[in-house]
Amino acid sequence: MIAPVRKEIVVQASQARAFRVFTEEHGAWWPLATHHIAEKDAETAIIEPRVGGRWFERATDGTECLWGKVLVWDPPGRRILSWEISGNWKHDESVGTEVEVRFVVLGPALTRVEVEHRQLERLGDAAEAMRVVFDSEGGWSGILQLYAARAAKSR
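So, a few notes on the structure that sits alongside this text.

Criteria and thresholds
Residues numbered from 1 in each chain as written. Predicted model: local features only at pLDDT ≥ 70, side-chain atom pairs only at ≥ 80, totals over all residues. Heavy atoms only, no water. Helix = DSSP H or I, 4+ residues; strand = E, 2+ residues; numbered from the N terminus. Rg over C-alpha atoms; globule rule 2.2 N^0.38 Å. Contact = heavy atoms within 4.5 Å. Areas by Shrake-Rupley, 256 points an atom, 1.4 Å probe, with all protein chains shown as cover. 1 Å grid on protein atoms, 1.4 Å probe; cavity = no way out; pocket = protein on both sides within 12 Å on 5 of 7 lines; lining within 4 Å. Points joined across faces, edges and corners; volume = space filled by probe spheres on them. Nonpolar A, V, L, I, M, F, W, Y, C, P; charged D, E, K, R; others polar. Salt bridge = Lys/Arg side-chain N within 4 Å of Asp/Glu carboxyl O. Buried < 20%, exposed > 50% of the residue type's maximum accessible area, 1.4 Å probe, protein only. Phe/Tyr/Trp six-rings, centres within 6.5 Å; stacked < 30°, edge-to-face > 60°.

Another point: the overall build of the protein chain. For the protein chain, the helix and strand inventory stands at four helices and seven strands. Reading the protein chain from its N terminus to its C terminus gives the helix and strand order β-α-α-β-β-β-β-β-β-α-α. A compact globule built from 155 residues would reach a C-alpha radius of gyration of about 15 Å, and the protein chain, at 15 Å, matches this within 12%. Within the protein chain, counting contacts between residues at least 6 apart in sequence, those at least 24 apart form 51% of the total. Accessible surface, the protein chain: about 7,500 Å² in total, of which carbon and sulfur atoms supply 51%.

Written out as structure tokens, the structure is:
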């Protein structure tokens, strides 16, 4: 068993706005220049808003590369996504770790966003190394900073 990566950040946005920015504006804040898996440069990242929806990137040439899918869709409080990216940064449905994102109301325009990336043992031999990446500034910590900046800016 490998411990999950847990991160949280407080954003200057209502719960509903925080949820929408995470999904509808995903491609506007995700660091696509460095965090994509397709051979071509990524143009956007998309989370389809429904259970069974895809979580994917679209490259500048229009090709799409799957990252995972939506397992739970419960607006505006939470969602769970499968992360189907292996230790060699390729889509692999068999690794299917989970990323749960919760949006907790702290005030009318203040929301705590909690991320738990779990079931990392499914990554096999790469699990420990991937956990280090997810737990780093280049992982969920830095990604959430970019997200929070977008959520605050677009209030």
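Take the layout of surface pockets next. The volume enclosed by the largest pocket comes to roughly 210 Å³. Of all the secondary structure elements, the ones that give two or more residues to the lining of the largest pocket are helix H3 (127-134) and helix H4 (137-153). Sorting elements by how many residues they give to the lining of the largest pocket places H4 first, with four residues. A breakdown of the residues in the lining of the largest pocket according to their chemical character gives ten nonpolar, five polar and no charged.

This part is about the pattern of salt bridges. Pairs can form between side chains of opposite charge once their charged atoms are near each other. Counted according to the given criterion, the structure contains 17 salt bridges. Where Glu48 meets Arg50, a salt bridge forms, and the shortest distance between an N and an O atom there is 3.3 Å. Take Glu48: its relative accessible area is 13%, and that puts it in the buried class. Note that Arg118 and Glu116 form a salt bridge whose closest N and O atoms lie 2.7 Å from each other.

Before going further, it helps to examine the packing of aromatic side chains. In the structure shown here, the tally under the stated rule is 13 aromatic pairs. Ring geometry for Trp55 and Trp67: centres 5.6 Å apart, planes at 70°, overall edge-to-face. A residue pair is termed long-range when its members are at least 10 positions apart, and Trp55 in strand E3 (residues 54-59) and Trp67 in strand E4 (residues 64-74) qualify at twelve residues. Here the two residues Trp55 and Trp67 agree in accessibility, since each one is buried. Seen in terms of ring centroids, Trp83 and Phe134 are 5.4 Å apart; in terms of plane orientation they differ by 85°. Their pairing is edge-to-face.

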